[in-house]
Amino acid sequence: MVSDPNLYDYWPYAGRPQIRWPGSKKLAFWIAPNIEYYEFAPPPNPKRQPWPRGNPDIQSYTQRLWGNTVGHWRLMELLDRHGMRGSISLSIGLIDHHPEIIEACAARDWEFFSHGIYNTRYSYGMDAAQERAVIEDSIRSVEAATGQRIRGYLAPALTHTEDTLDLIADMDFWYTCDLFQDDQPQQIKTKTGKLVSMPYSLEVNDVITYSVMGYDPFQYADILKRHFDQLLEEGEDSGTVMCIPLHAYLVSQPHRLRAFEDALKHVAAHSDDVWITTGREIAAHFRENYWETASADIAARGVVTGGTGFAPAE
Amino acid sequence: MPLPNDYLTYPHRRHGVDHDRFAWTPDTQRAPLELTGGKKAVAFIIVPLEFFPLDPPAEPFKHPGAMKTPYPDLRHYTTRDYGNRVGVFRLLKFLDAAGLKATFAVNAEVAERYPPLMAAIREAGHEVAAHGVSTAHIHHEGLSEAEETALIGRCRAVLPEATSWLSPARNESYRTPDLLAAAGYTTLLDWEADQRPLSFATENGPLTALPLMHELSDFKLMVDNRQQADVWADQIIEAARFHVVDHARAGAQCFGFTLTPYVAGQPFRAASVKRLLNTLSAMDGLEVCPAGEVAGLFAQAGPQAD
């Protein structure tokens, strides 16, 4: 075990070189609906029990199933109304269970990225070959269903190993949503590849705001607007990223969806300054235009420690 | 088997407190104090800069905010690191805009890891206080005196200018204040036993204890208690107004509160933080200054009751 994962170098937020998004936009905004499949009878994992109450957990399982049967479709139509595309954090197994969802999203040119096979199968305890198999399954399954080559990763249920980021970088992924240290992209120190840490979010993620913090829908909408306003203001200096990670089983509830739509309207009203896009496109823009700039600034004003993730410099 | 009979003996049962760190006088039975400069109350702002390692010990308990999920908990590691990379620079900007100076209580490991951050704090003219080695180095009775002295010595070496001290998790052993005084610290932020600077006896000369109010902690109110940022900010403003008004009854008083970078430095809390700092800065009768300057404002104000 290490104290410091050494996945990225220290890069002070103030005084960074200016990032501009396409069209000279100041804030890159993306929405990441998590379309997850939780198993009815998941196997045990030595580090985490899938259902805290034990199998089967009817209440928790059916709430998530409701999300795929009803909630997702409401959310998709809501994004349609505002001309926004989703970047789907996908439980890959859902391709087999609910191909109708995949088809509907693909028809809208939404992006898919991997969130593991099921959200009840954790990375804890996997060796590198097993974790590689999950990632290869992800690439193969989405490609077969949609023709799309996935470029992003969010480990299932945020469970990681020391190998996770090296593995996805080695398989030519462009971005990871697993890290929360910044409001701008930054390169990850992997052994191979060219992997960007993409601002996702826990703080404005509906699981945190609804299930952990217990905020009401109006508080959540208010938080989203404030978060957006601040990051847009700071985008004047250097382009920022805001992601809203969602789960239809929470945000699409009948008592919550209209409040959420108010927040989306607020975002849409600022489209002159905001690039409403997908995770893949933000990662591509950073990799192509700012990778070297960021490296040079980190070397000049940050703290470069050498080595790679979980492999510190000798 | 019953408890031993000496469980019913009470060797420290007497008037005042059950230790020798300070004398006890109730608030209404001591002379009111006044402040140099004529203000009525003092607020001080503590910005804790903490390093949360990926492999935290639980010795003697897990530090609040430490890793929660199985190793490697990248989720909490990076969420805390956000504060030191991004959130703190937001707070520096808002403090500057409000014209306020704060006390940055810094883990030695943060100072060692992030020199550019230390340079930004020093350049802005804020107070740098010592905050132990890291969140993995809690002071407690299980440490030997040599071990605890070594921890304090490391902080002294890394932050030579610091005169104020905040312990990690605000936890101490019985001997911690004695060792802090020996190491040259003069202001102690762990004890919130009064509303005015409190002269605190140690084996190595006195410290001044200042009331950093746990009930106004941003971590406690907004993370543990899940309050909205405007509600949190309103309570600090209320505390400041209360003390300004209460001056007529009780004389000058002081209080401190925290701005934790990974909590108060979140974008969606920014508007509330800005409003809070601007309101305190403009409040009639309120002095806002670094912790290390608080005692001096009181000490020059006439006779101190004790």
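Residues numbered from 1 in each chain as written. Chains lettered and ligands numbered in written order. Predicted model: local features only at pLDDT ≥ 70, side-chain atom pairs only at ≥ 80, totals over all residues. Heavy atoms only, no water.

Re unusual backbone geometry
In this structure, the amide linkage connecting Asn55 of chain A to the following residue, Pro56 of chain A, adopts the cis form with an omega of -15 degrees. Tracing the sequence through the fold places Pro56 of chain A in the loop between strand S1 (27-35) and helix H1 (58-81). Between Tyr71 of chain B and Pro72 of chain B the backbone carries a cis peptide bond, its omega angle lying at -5 degrees. Looking at the secondary structure, you find Pro72 of chain B in the loop between strand S1 (41-49) and helix H1 (74-98). Backbone geometry places Asn6 of chain A, a non-glycine residue, at a positive phi of 55 degrees. Among the secondary structure elements, Asn6 of chain A is positioned in the segment before S1. (Helix = DSSP H or I, 4+ residues; strand = E, 2+ residues; numbered from the N terminus.)

Observations regarding the environment of Glu236 of chain A
All names here are of chain A. By the secondary structure assignment, Glu236 is in the loop between helix H7 (217-235) and strand S8 (240-247). The spacing of Glu236 and Leu27 is 209 residues in sequence and 8.6 Å in space, taken between C-alpha atoms. For Glu236, the contacting residues outside a window of four places in its chain are Gln18, Arg20 and Lys26. (Contact = heavy atoms within 4.5 Å.)

Some thoughts on helix H4 (residues 128-146) of chain A
Residue and element names in this part refer to chain A. For H4, spanning 19 residues, the distance from its first C-alpha to its last is 27 Å, which sits close to the expected 27 Å at 1.5 Å a residue. All of the buried residues in H4 are Glu131, Val134, Ile135, Ser138, Ile139 and Val142. Seen from one end, H4 has its buried residues packed into an arc of 130 degrees, which puts them on one side. Among the exposed residues of H4, those pointing more than 90 degrees away from its buried face are Ala129, Arg140 and Ala144. Its side-chain oxygen at 3.1 Å from the backbone nitrogen of Ala129, Asp127 defines the N-terminal cap of H4. Looking at the residues trailing H4, positive phi occurs at Gly147, about 80 degrees. (Expected span 1.5 Å × (residues − 1). Buried < 20%, exposed > 50% of the residue type's maximum accessible area, 1.4 Å probe, protein only. Arc of directions from axis to C-beta. Polar contact = N/O pair within 3.5 Å; in protein donor to acceptor, adjacent residues only side chain to side chain.)

What about the pattern of salt bridges?
Throughout the structure, instances matching the rule amount to 36 salt bridges over all chains. For Glu281 of chain A, the salt bridge is made with Arg85 of chain A, and the minimal N-O distance between the two is 2.7 Å. Residue Glu281 of chain A is located in helix H10 (residues 279-289), and its partner Arg85 of chain A is located in the loop between H1 and strand S2 (87-90); the two are separated by 196 residues in the primary sequence. Under the relative-accessibility criterion, Glu281 of chain A is labelled partly exposed at 29%. Measuring nitrogen to oxygen at the nearest pair gives 2.5 Å for the salt bridge that ties Asp182 of chain A to Arg85 of chain B. Note that Asp182 of chain A is positioned in the loop between strand S5 (175-176) and strand S6 (186-187) and Arg85 of chain B in helix H1, a pairing that runs across two chains. The same class applies to Asp182 of chain A and to Arg85 of chain B, which are both buried. The structure contains a network of salt bridges with shared partners spanning Asp222 and Arg226 of chain A together with Asp230, Asp234 and Arg275 of chain B. (Salt bridge = Lys/Arg side-chain N within 4 Å of Asp/Glu carboxyl O.)

Section: the side chain of His126 of chain B
Residues and elements named next belong to chain B. Here His126 shows up in the loop between helix H3 (115-123) and strand S3 (127-130). The exposure class assigned to His126 is buried, which follows from its relative accessible area of 9%. Among the polar contacts listed, one links the side chain of His126 to the backbone nitrogen of Ala102, at a separation of 2.9 Å. Beyond its immediate chain neighbours, meaning those up to four positions away, His126 contacts Leu92, Leu95, Leu100, Lys101, Ala102, Phe104 and Ile121.

Quick word on the packing of aromatic side chains
Two aromatic rings, taken as a pair, are described by how far apart their centres are and by the angle between their planes. Here the structure, examined in full by the defined rule, presents 21 aromatic pairs over all chains. Linked through ring pairs, Trp30, Phe113, Tyr175, Phe180 and Tyr200 of chain A together constitute an aromatic cluster. One cation-aromatic arrangement involves Arg80 of chain B over Phe52 of chain B; the distance from NZ or CZ to the ring centre is 5.9 Å. (Phe/Tyr/Trp six-rings, centres within 6.5 Å; stacked < 30°, edge-to-face > 60°. Lys NZ or Arg CZ within 6 Å of the ring centre and 35° of its normal.)

A short note on the interface of chain A and chain B
Opposite the 47 residues of chain A that make contact, chain B presents 41 residues. Buried surface at the junction of chain A and chain B, summed over both partners, amounts to about 3800 Å²; 56% is from carbon and sulfur atoms. Ranking the residues of chain A by area buried against chain B places Tyr10, Glu203 and Arg226 of chain A at the top, with a combined share of 18%. At the junction of chain A with chain B, the criterion picks out six salt bridges. Applying the counting rule to chain A against chain B returns 23 residue pairs in polar contact (both at pLDDT 80 or more). Elements that contribute at least two residues to the side of chain A that touches chain B include exactly helix H6 (206-212) and H7 of chain A. Sort the elements by how many residues they give to the side of chain A that touches chain B and H7 of chain A lands first, with eight residues. Residue classes in the side of chain A that touches chain B are distributed as 24 nonpolar, nine polar and 14 charged. (Buried area = accessible area lost by both parts, 1.4 Å probe. Nonpolar A, V, L, I, M, F, W, Y, C, P; charged D, E, K, R; others polar.)

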